[in-house]
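Structural features, examined
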Amino acid sequence: MILPEHKQILKELSFHAEIDWDTDSIPTCQVSNWTQGMRANADFFGHELYRDKYLQTENCSQAFGERWQAAIRQSLRYANGSWDDKIAIDIGCGPGNLYATIGGTPQVLIGVDISRGALE
């Protein structure tokens, strides 16, 4: 759910992007220069069979979670090594497997991805 304060955060990050806030619960922005890789990514995560398999099985291992927790601790070493109670933006979030794997309690977690299917 997009709350007014989340909308303000995204507006500040959007620079020159024109974001459609009124479409539905997922704000959208047109991508003007699609590459072949971007289309493949969007198609993969837009397909429910592959998206669901990826979320349930890929990159959800304990080792994956430990690597990301170490990266978060390193990048937030001055903030107790946690994204708990912070505003976190996961760019290229896919279907959310990073959050699903490492958990935590960010104050706000914003997922950004070119695949609407991943965001859904």
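The structure reproduced in this document is the subject of the present report. These numbers come from a predicted model, not from an experiment.

For the rest of this paragraph, the subject is the overall build of the protein chain. Each helix and strand counted, the protein chain has six helices and four strands in total. Its helices and strands in sequence order give the protein chain the pattern α-β-β-α-α-α-β-α-β-α, from N to C terminus. Here the protein chain holds 120 residues, and the buried ones make up 26% of them. Considering only contacts within the protein chain whose residues lie at least 6 apart along the sequence, 42% involve residues at least 24 apart. Of the accessible surface of the protein chain, which amounts to about 8,400 Å², a share of 52% is contributed by carbon and sulfur atoms.

This next bit is on the side chain of D113. Mapped onto the fold, D113 is located in the loop between β4 (108–112) and α6 (116–119). Within the local environment of D113, its side chain forms a polar contact with the backbone nitrogen of C93, the two atoms lying 3.3 Å apart. For D113, the side chain forms a polar contact with the main-chain nitrogen of S115, separated by 2.9 Å. Discounting residues that sit within four places of it in the chain, D113 has contacts with N41, G92, C93, G94, A118 and L119.

Bringing the pairing of β4 into the picture now. Across five bridges, the pairing between strand β3 (residues 87–91) and β4 is parallel. Residue pairing for β4: A88 is matched across the bridge by L109. Read from β3 through helix α5 (residues 97–102) to β4, the crossover connection turns out right-handed.

Turning our eyes to something else, we now look at the environment of A70. Checked against the element boundaries, A70 lands in helix α4 (residues 62–75). Remark: the alpha-carbon pair of A70 and S82, spanning twelve residues in sequence, is separated by 9.7 Å.

This next bit is on the nonpolar core. F64, I72, W83, A88, L98 and I102 form the largest nonpolar core, which has six residues in total. Counting only elements with at least two residues in this core, the list comes to α4 and α5.

Here the focus is unusual backbone geometry. Of note, the phi angle at D85 is positive, near 65°, even though the residue is not glycine. Structurally, D85 is set in the loop between α4 and β3.

About the thresholds
- Residues numbered from 1 in each chain as written.
- Predicted model: local features only at pLDDT ≥ 70, side-chain atom pairs only at ≥ 80, totals over all residues.
- Heavy atoms only, no water.
- Helix = DSSP H or I, 4+ residues; strand = E, 2+ residues; numbered from the N terminus.
- Buried < 20%, exposed > 50% of the residue type's maximum accessible area, 1.4 Å probe, protein only.
- Contact = heavy atoms within 4.5 Å.
- Areas by Shrake-Rupley, 256 points an atom, 1.4 Å probe, with all protein chains shown as cover.
- Polar contact = N/O pair within 3.5 Å; in protein donor to acceptor, adjacent residues only side chain to side chain.
- Pairing = 2+ DSSP bridges.
- Right-handed = clockwise from strand over helix to strand, strands pointing away.
- Core = buried A, V, L, I, M, F, W, Y, C linked by side-chain atoms within 4.5 Å.

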